[in-house]
Amino acid sequence: MARSVRPVAVVSFAQSAMVRREERLNDVEMLQPVIADVFEKVGLTKDDMGFVCSGSCDYLVGAPFSFVGALDAVGAWPPMRESHVEMDGAFAMYEAWTQLQEDDIETALVFSFGRSSMSEIGRVLTLQLDPYYVAPLWPDPVALAALQAQALIDSGRYGEADFAAVAGRSRRDARNNPNAQVSGDPSTEELLGDDYVVAPLRRHALPPITDGATAVILAAGDRARELCERPAWITGMDHRIETHALGARDLTSSPTTRRAAVGAGLLEDGGDGSVAVDVAELHAPFAHQELILRDALGLGDGVAVNPSGGALAANAVMVAGLVRIGEAAGRIMDGTARTALAHATSGPCLQQNLVCALAAEPAGDGRR
Amino acid sequence: MSEPVTMLATPIRIEYEFTAGLAQSRYLKGIAEGRFLGQRCPQCQKVYVPPRGSCPTDGVPTTDEVVLGNTGIVTTYCVVNVPFQGQSIEIPYICAQILLDGANIAFMGLIQEVPTAEIRMGMRVEAVWVDKKDLGPTMASVKYFRPSGEPDAAYETFSEYL
Amino acid sequence: MGQRTAVVGVGQTYHKAKREDVSIAGLVREAAVRALEDAQMDWSDIDAVVIGKAPDMFEGVVMPELYLAPALGAVGKPMIRVHTAGSVGGSTALVAAHLVASGTHERVLTVAFEKQSDSDAMWALSIPQPFSAPLLAGAGGYFAPIIRAYMRRSGAPDHIGILVAVKDRLQALKNPYAHLHIEDISFEMVRDSIMLWDPVRYLETCPSSDGAAAMVLASERVADSASSSHPPAWIHGMAMRSEPTMFAGRDQVNPLAAKDCAADVYRQAGISEPRREIDVAEVYVPFSWYEPMWLESLGFAPEGEGWKLTDSGATALDGGDIPWNCSGGVLSTNPIGASGMLRFLEAALQVRGQAGEHQVQTVRRSLGQAYGGGSQFFAMWVLGADKP
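Residues numbered from 1 in each chain as written. Chains lettered and ligands numbered in written order. Predicted model: local features only at pLDDT ≥ 70, side-chain atom pairs only at ≥ 80, totals over all residues.

**A look at the overall build of chain B**
Scanning chain B for helices and strands turns up 2 helices and 8 strands. Listing the helices and strands of chain B from first to last along the sequence gives α-β-β-β-β-β-β-β-β-α. Rg of the C-alpha trace for chain B: 19 Å, well past the compact-globule value of 15 Å for 162 residues, more than 25% over. With respect to the three principal axes, the spread of C-alpha positions in chain B is 70 × 40 × 35 Å. For chain B, the proportion of its 162 residues judged to be buried stands at 38%. Pairs at least 24 residues apart make up 56% of the contacts formed inside chain B by residues separated by at least 6 positions. (Helix = DSSP H or I, 4+ residues; strand = E, 2+ residues; numbered from the N terminus. Rg over C-alpha atoms; globule rule 2.2 N^0.38 Å. Buried ≥ 20, exposed ≤ 12 C-beta atoms within 10 Å, placed from the backbone. Contact = placed C-beta atoms within 7 Å.)

Below, the structure is given as structure tokens:
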């Protein structure tokens, strides 16, 4: 249960171009302009930050302690209060948000980077699985997602045409996103003409392989108002994890996404209500997962889902979740939305889910 | 079915492609030409070698190139005597922090051509490169450092680099 | 600092070179179950789980919180995995403490572990990176030159490192959970052991261990009604600081981040004379020379004189007035991801009076310190028997 007591807002968001392979720049060089940009937008520097938290994954970039060198992009001098999670930057932001609930700090910088192009991303993610019973069989993430997609088809709720529709819409929306990697205007028929990669998933239903970095600045109360004309207030944030064994889960639903939405104050506990927001940025690396998440949240047709193009347009692992938050916050900061939801996921087939509720007004100023 | 299974060995092989990045690429090009190139931070003016693309204290790109010489000081060192997987140098070997003349930060280097008992803090050393025809954009172009024969540097001249 | 937070339960595994009797899940559960039992709580009482460990190359499992969620009763709960290099065990405890101090949760289970026998620890620490010289030989290869610099700066005599190595291993004999129990440890034995990274000898170096540590952190409301047989250990101060590993002008022997972190935690706890006001400390000393170095860094001794404090016997459980590492410390037990949390946990054990044979007589306040990376990440907390 994580209702905001002290109002905290996203006041700045920056991201690199999301590309198939960053060939010129190393991690630090890729991050440095993103950090510079996120500060520049609000006229702050590293010295103004009360806390810095990042998210990244060693195995992804082939080096232990890979987050250590990344700190050079910030310049950790004089010494700073800083921490790191080996998870998507969205979870680093959760940590920063909870620490901002205490009143000894007013601002926090959150960032993450990830370069899926460096390794065989499928193998790296397969190592997330139970090392005794599952990983040695080397089921890669596409195969597992395909199991989930097939289960969804077998449930009778959706079919391949629905997956293609999600992919087509995402690519069309991505045309308006200068940072997106994949965009276009394919018809559903065209997409359904692609060969299967792993049935029932065709290429368009898979995420792209992406290198990228992103950063966000959080600020509390009046500080947020000083820094930003329209802060994106975090009215709640929560995350939950499901059990690991795929056979013990219902892969066609996402109860933890729903539970996290309850914790974030977007849904009543125990009700069968639906989330009513203007915009929802859902971290669905596979097309069918967007449908599962929409159902879990009860998102109606009035909600604009993934106007950025979502993870189908760019999926830098360890980054895409925080980008969802940034994109959703961006709609509030630019005045095009009054309420938004951002979701981030981790693990095979949506095992762990985070929901962040954002709004143009802070929630009842400390009433909770 | 007698003994319980207590170990499961899973071979894992993952290949990675690394990008040197702009700063390191320039440095390695210098190495391929047989010279050490440092980079100066425009804010703090410190010269970094090898450069990593961003000044660690200021968080800005280190854009100004500085050609450094072939000689420097051992600020501190240890003698490595422990075998481990992946090790490519015969033990015991001297692993030292080397402050090149003109640089503001020491880097780790291998010291050879001196008995391990004679290595000292403050010893002046020079780089030994591979043959010109074998130079390439790789750290392997620098074989090791050896005593240059110059008098040791006084402790006060390098104590701030410890 | 936030709302009052206390340690109400602690647990750890029996640490060994290889725990072949348990899987990774079994290892963490052993510690977690003990912590829950100590807290007189059940899995269902826990609101959130914060787990920490060092690089995943140590076991070959990527993001193991995903696999461990069911083993740690985290299904349906928030779960976070912290990674801040060697200090991770400490920073994990702090992340968990902040979840309580911020009012987000009331009962948080925090676990730190490493089952490093599963992989090759030296390899995991020194995976060759392209474009760099393949020189590093584990953590020792990095720290030994820094230790040499301290010896030069302070003029410390050569035997100081040996004293610490003996002291901590003797103290480990009183800790049933410690990995190394070297019954006949002696000055001569340490002095005559092989030089691994001159000036650091084999017996002046931490072991490689499999192990886990766990604690239950609770809000004031929960701690006041806790039914554990030992009283809560209240957090009087907690802080983290980081600085870059390498930068021009960096003091690697006495990093500013360490001093700033200590200053912050002492300020919160109202401490101005650590040697006098702290009764016992658990400090991350993986190479014996780090005791005199951290004595100075943490303000127990003036700069350049930490070795004198060690030399005088002041830091020994037997007869010292400021015992350090009564548990045997990192020199006796080192599952890398857990070592930081073991420092924090042992600090709690001392305040709660549950340290058994290695208990210091009267402990009103204790200090736990962890560091990681190239001495650039620091996490510390001060615990007290009374509410802050």
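The discussion continues.
**Observations regarding the overall build of chain A**
Broken down by element type, chain A carries 12 helices and 12 strands. In terms of overall dimensions, chain A is globule-like: its C-alpha atoms have a radius of gyration of 19 Å, near the 21 Å expected for 368 residues. With the C-alpha coordinates of chain A rotated into their principal frame, the extents come out at 55 × 45 × 40 Å. Sorting the 368 residues of chain A into buried and exposed places 66% on the buried side. Looking at chain A alone, contacts between residues at least 24 apart form 80% of all its contacts between residues at least 6 apart.

**Considerations on the interface of chain C and chain A**
With 49 residues of chain C at the contact, the number on the chain A side is 49 residues. Those elements that place two or more of their residues in the side of chain C that touches chain A are helix 2 (65-68), strand 3 (79-82), helix 3 (88-101), helix 4 (121-125), strand 8 (233-242) and helix 9 (256-269) of chain C. If you tally residues by element for the side of chain C that touches chain A, the top one is helix 3 of chain C, at 5 residues.

**A short note on the confidence of the model for chain B**
All names here are of chain B. Of the residues in chain B, 96% have a pLDDT of 70 or more, and the chain-wide mean is 90. Taken element by element, the predicted model of chain B shows its lowest mean pLDDT in helix 2 (residues 155-158) (87) and its highest in strand 7 (residues 124-129) (96). Confidence metrics for the complex model read pTM 0.96 and ipTM 0.96. (pLDDT = per-residue confidence, 0-100.)

**Points about the interface of chain B and chain C**
Taken together, the 34 residues of chain B in the interface contact 36 residues of chain C. Contributing elements (two or more residues each) for the side of chain B that touches chain C: helix 1 (21-32), strand 4 (71-80), strand 5 (93-100) and strand 6 (107-111) of chain B. Among the elements that take part in the side of chain B that touches chain C, strand 4 of chain B stands out by supplying 5 residues, more than any other. Here the side of chain B that touches chain C is composed, by residue class, of 20 nonpolar, 12 polar and 2 charged. Note that strand 4 of chain B and strand 5 (residues 195-198) of chain C share 2 bridges and pair antiparallel. In the strand pairing of strand 5 of chain C, Val80 of chain B is matched with Trp197 of chain C. (Nonpolar A, V, L, I, M, F, W, Y, C, P; charged D, E, K, R; others polar. Pairing = 2+ DSSP bridges.)

**A short note on unusual backbone geometry**
With omega at 0°, the peptide bond leading from Trp77 of chain A into Pro78 of chain A counts as cis. Tracing the sequence through the fold places Pro78 of chain A in the loop between helix 3 (66-70) and strand 3 (82-85). With omega at 20°, the peptide bond leading from Asp198 of chain C into Pro199 of chain C counts as cis. Relative to the helices and strands, Pro199 of chain C resides in the loop between strand 5 and strand 6 (200-201). Of note, Cys349 of chain A is a non-glycine position whose phi angle comes to about 50°, a positive value. A tally of 21 C-beta atoms within 10 Å means that Cys349 of chain A is categorised as buried.

**Digging into the packing of helix 7 (residues 160-174) of chain A against helix 11 (residues 287-297) of chain A**
Residues and elements named next belong to chain A. Where helix 7 meets helix 11, the closest approach of the two axes is 8 Å, and the angle between their N-to-C directions is 95°. As the angle between them shows, helix 7 and helix 11 are arranged roughly perpendicular. Taken together, the residues of helix 11 that come into contact with helix 7 (itself represented by Asp162, Phe163, Val166 and Ala167) are Ala287, His288, Glu290 and Leu291. (Axes fitted to C-alpha atoms, helices over the stretch in contact; angles between N-to-C directions. Parallel < 35°, antiparallel > 145°, perpendicular 65-115°, else oblique.)

**Points about the pairing of strand 1 (residues 36-40) of chain B**
Consecutive side chains along a regular strand alternate between the two faces of the sheet. All names here are of chain B. Strand 1 sits mainly inside the fold: 4 of its 5 residues count as buried. Pairing of strand 1 with strand 2 (residues 47-48), which is carried by 2 bridges, proceeds in the antiparallel orientation. Bridged to Arg40 within strand 2 is Val47. Between the antiparallel neighbours strand 1 and strand 2 lie 6 residues, among them Gln45 with a positive phi of about 70°.

**Things to note about helix 1 of chain B**
Here helix 1 of chain B contains 12 residues, and its C-alpha end-to-end distance of 16 Å stays within 8% of the 16 Å for a straight helix at 1.5 Å per residue. Of all the positions in helix 1 of chain B, only Gly21, Ala23, Gln24, Tyr27, Gly30 and Ile31 of chain B are classed as buried. Here the buried residues of helix 1 of chain B occupy an arc of 150° about the axis, which is enough to place them on one side. Those residues of helix 1 of chain B hidden inside the fold are in contact with helix 1 (27-40) of chain A together with strand 1 and strand 8 (142-147) of chain B. One or two residues past the end of helix 1 of chain B sits Gly34 of chain B, with phi positive at roughly 80°. (Expected span 1.5 Å × (residues − 1). Arc of directions from axis to C-beta.)

**Focus: the pairing of strand 4 of chain B**
Residues and elements named next belong to chain B. Burial analysis of strand 4 places 9 of its 10 residues in the buried class, which makes it a mostly covered element. Examined bridge by bridge, strand 4 and strand 7 share 3 bridges and lie antiparallel to one another. When the bridges of strand 7 are listed, Thr71 appears paired with Glu126. Pairing analysis gives 8 bridges linking strand 4 to strand 5, with the strands arranged antiparallel. Bridging from a neighbouring strand, Tyr77 pairs with Ala96 of strand 5.

**Comments concerning the packing of helix 3 of chain C against helix 14 (residues 336-352) of chain C**
The description of two packed helices rests on the angle between their axes and on the distance between the axes. Residues and elements named next belong to chain C. Packing of helix 3 against helix 14 brings their axes to within 5 Å, and their N-to-C directions diverge by 60°. One element, helix 3, and the other, helix 14, form an angle in the oblique class. On helix 14, the residues that touch Val88, Gly89, Gly90, Ser91, Thr92 and Ala93 of helix 3 are Gly337, Ala338, Ser339, Gly340, Met341, Leu342, Arg343 and Phe344. Across the contact of helix 3 with helix 14, the residue classes break down as 6 nonpolar, 7 polar and 1 charged.

**Notes on the environment of Arg148 of chain C**
Within the secondary structure layout, Arg148 of chain C lies in helix 5 (residues 138-154). Residues Arg148 of chain C and Phe378 of chain C, 230 residues apart in the sequence, show an inter-C-alpha distance of 22 Å. Once residues lying within four places of it in the same chain are set aside, the contact partners of Arg148 of chain C are Thr76, Tyr77, Cys78 and Met121 of chain B together with Pro199 of chain C.

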